[in-house]
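The residues making up each chain are set out below.
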Amino acid sequence: MKKRLAAGLISVLCFLTLSGCAPRQQELQAALVLGFSQLGSESSFRIGNTRDIEDKAKRYGVSLMMDDANQKQENQIKAIRRFIAYRVDVIAFSPIVEEGWDNVLTEAKQAGIPVILVDRTIQTSDRELFVSQIGADFYEEGVMAAEYLLKKADDLGKDQLRLVEITGTENSTPMKQRHEGFMDTIAKDDRMVLLESVNGDFLRSRGAECMRYLLDRYGDEIDVVFSHNDEMTMGALPEIEKLGYRPGKDMVIISIDGGQEAIDILREGKINCIVECTPMLGSILMETALALKAGQSIDHEIHPEERVFSDYDDLSALPPRGY
Ligand code: GYE
């Protein structure tokens, strides 16, 4: 990979600076054309993910056609059809929901264009409609969030903890799997009582609305808030404070993503635990797309390493998060 980068750089430098060094046409061409349909810009995770893919495309010499679907599946389907018409080398997309992709992906398959899923996955009866899914193990994220809570429950020494859950976009992979991983893990512990799960669509504004509703309905019965992303958590926190409760102390707050703003709030003590979900998937995407073009075989699932940040850790030396 380094060799390819160096070669690309030398040819661009020759082109820009040395009149006697005429670059061959082939050297100036992109390594490949990648069409990428991003689902929207609902969170710092998503914005960081878009930026990382754009940066890494430049670094790897990939020509990127980026489309933002503004949170609508129909826009993603249209973008994928445009990529097919343009005959890109590889199509990648972050599916907003899991279902409803078979037709358009069959069209891509018939056109001979391989498809990579980034971040979320899909439900399909034909496993060959996509080559690979590059993204987090969301079930494991739910498990890690619950494991933190079980440890915290031991330390708090309470007989019962009543929880509320604010989930992400209905029928999206992270929403389904984070919920399942979390619930499967706490189910074994009868101190845990789920009061209610509500849907906050991964949005800050909806996180605030959901929290207002939950506080109105359950008030100080709530011991724990499990929110499926930082954005909704940051919407919920001011609502908790407005009613005079101290998040992080009167209520245990558990979040997912680990963007800079939320990590800073964790350091202040208002969030207790954040399970990392990294949006930095650009390098793996570029390497996978290039390997595909080179005819190499690819793993069907690729998960990045992720960790947990919590009030049990010393985070003073944590480098800037980059999203
Ligand atoms: O956690 C959330 C975003 O699909 C993993 O989507 C992603 C989720 C992420 O909006 O912040």
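All figures in this text were calculated on a predicted structure; none of them were measured in a lab. (Residues numbered from 1 in each chain as written. Predicted model: local features only at pLDDT ≥ 70, side-chain atom pairs only at ≥ 80, totals over all residues. Heavy atoms only, no water.)

What should I look at first to understand helix H4 (residues 73-86) in this one?
Since the α-helix advances by 3.6 residues per turn, residues separated by three or four positions end up pointing in the same direction. With 14 residues, H4 should cover 20 Å at 1.5 Å per step; its first-to-last C-alpha distance of 20 Å lies within 8% of that length. Taken together, the buried positions of H4 are Gln76, Ile77, Ala79, Ile80, Phe83 and Ile84. Each buried residue of H4 sits inside an arc of 160° when the element is viewed along its axis, so together they form one side. Among the exposed residues of H4, those pointing more than 90 degrees away from its buried face are Glu74, Ala85 and Tyr86. Remark: arginine 87 follows H4 within two positions and exhibits a positive phi of approximately 60°. (Helix = DSSP H or I, 4+ residues; strand = E, 2+ residues; numbered from the N terminus. Expected span 1.5 Å × (residues − 1). Buried < 20%, exposed > 50% of the residue type's maximum accessible area, 1.4 Å probe, protein only. Arc of directions from axis to C-beta.)

When you look at the site of the ligand in this model, what are you seeing that I'm missing?
As a structural note, the neighbourhood of the ligand is formed by 13 residues, with Glu42, Asp119, Arg120, Asn229 and Asp257 the closest of them. Within the side chain of glutamate 42, one N or O atom sits 2.4 Å away from an oxygen atom of the ligand. The contact in question runs from an oxygen atom of the ligand to an N or O atom on the side chain of asparagine 229, over 2.9 Å. If the ligand stood free it would expose 300 Å²; the protein chains cover 100% of that surface. Looking at the shell around the ligand, the elements with two or more residues in it are helix H3 (44-59) and helix H7 (173-186). Residue classes in the shell around the ligand are distributed as five nonpolar, two polar and six charged. Two domains share the shell around the ligand, each providing at least three of its residues, namely domain 1 (2-136 + 280-304) and domain 2 (138-277). (Near = heavy atom within 4 Å. Polar contact = N/O pair within 3.5 Å; in protein donor to acceptor, adjacent residues only side chain to side chain. Areas by Shrake-Rupley, 256 points an atom, 1.4 Å probe, with all protein chains shown as cover. Nonpolar A, V, L, I, M, F, W, Y, C, P; charged D, E, K, R; others polar. Domains from an automatic or database assignment.)

Could you clarify how one ought to interpret the pairing of strand S10 (residues 273-276) in this entry?
Side chains on a regular strand alternate between the two faces of the sheet. What you see with S10 is no split at all: Cys273 and Val275 on one side and Ile274 and Glu276 on the other are buried throughout. With four bridges joining them, strand S9 (residues 252-257) and S10 adopt parallel strand pairing. Paired with aspartate 257 across the two strands is glutamate 276, which belongs to S10. With respect to chirality, the unit in which S9 leads through helix H10 (residues 260-268) into the neighbouring parallel S10 is right-handed. Sheet analysis places S10 next to strand S12 (residues 308-310), joined by three bridges and oriented antiparallel. Pairing of valine 275 across the sheet is with valine 308, part of S12. (Pairing = 2+ DSSP bridges. Right-handed = clockwise from strand over helix to strand, strands pointing away.)

Quick question: what am I supposed to make of the state of the cysteines here?
In total, this model carries zero disulfides according to the counting rule given. The thiol of cysteine 273 is not disulfide-bonded; the next cysteine sulfur, from cysteine 277, is found 14 Å away. (Disulfide = S-S within 2.5 Å.)

Any chance you could explain the pattern of salt bridges here in plain terms?
Pairing is possible between side chains that carry opposite charge, provided their charged atoms lie close to one another. Under the definition given, this model contains 26 salt bridges. Here arginine 212 ties to glutamate 239 by a salt bridge, and the two come within 3.1 Å at their closest N and O atoms. Highlighted residues: arginine 212 in helix H8 (residues 204-218) and glutamate 239 in helix H9 (residues 230-242), separated in sequence by 27 residues. Across the pair glutamate 268 and lysine 270 runs a salt bridge whose closest N-O atoms are separated by 3.8 Å. (Salt bridge = Lys/Arg side-chain N within 4 Å of Asp/Glu carboxyl O.)

How should I be thinking about the sheet that holds S12 in this particular structure?
Strands belonging to one sheet form pairs held by backbone hydrogen bonds; the direction of such a pair is parallel or antiparallel. Pairing in this open sheet of six strands is mixed, and the strands run S7-S6-S8-S9-S10-S12 from one edge to the other. The sheet is open, and its two borders are formed by strand S7 (192-199) and S12, each paired with just one other strand. Geometrically, the sheet is characterised by an average inter-axis angle of 15° between neighbouring strands, direction not taken into account. Packed on one face of the sheet, helix H6 (residues 138-156) meets strand S6 (161-167), S7, strand S8 (224-227), S9, S10 and S12 and runs near 160° to S9. (Axes fitted to C-alpha atoms, helices over the stretch in contact; angles between N-to-C directions. Contact = heavy atoms within 4.5 Å.)

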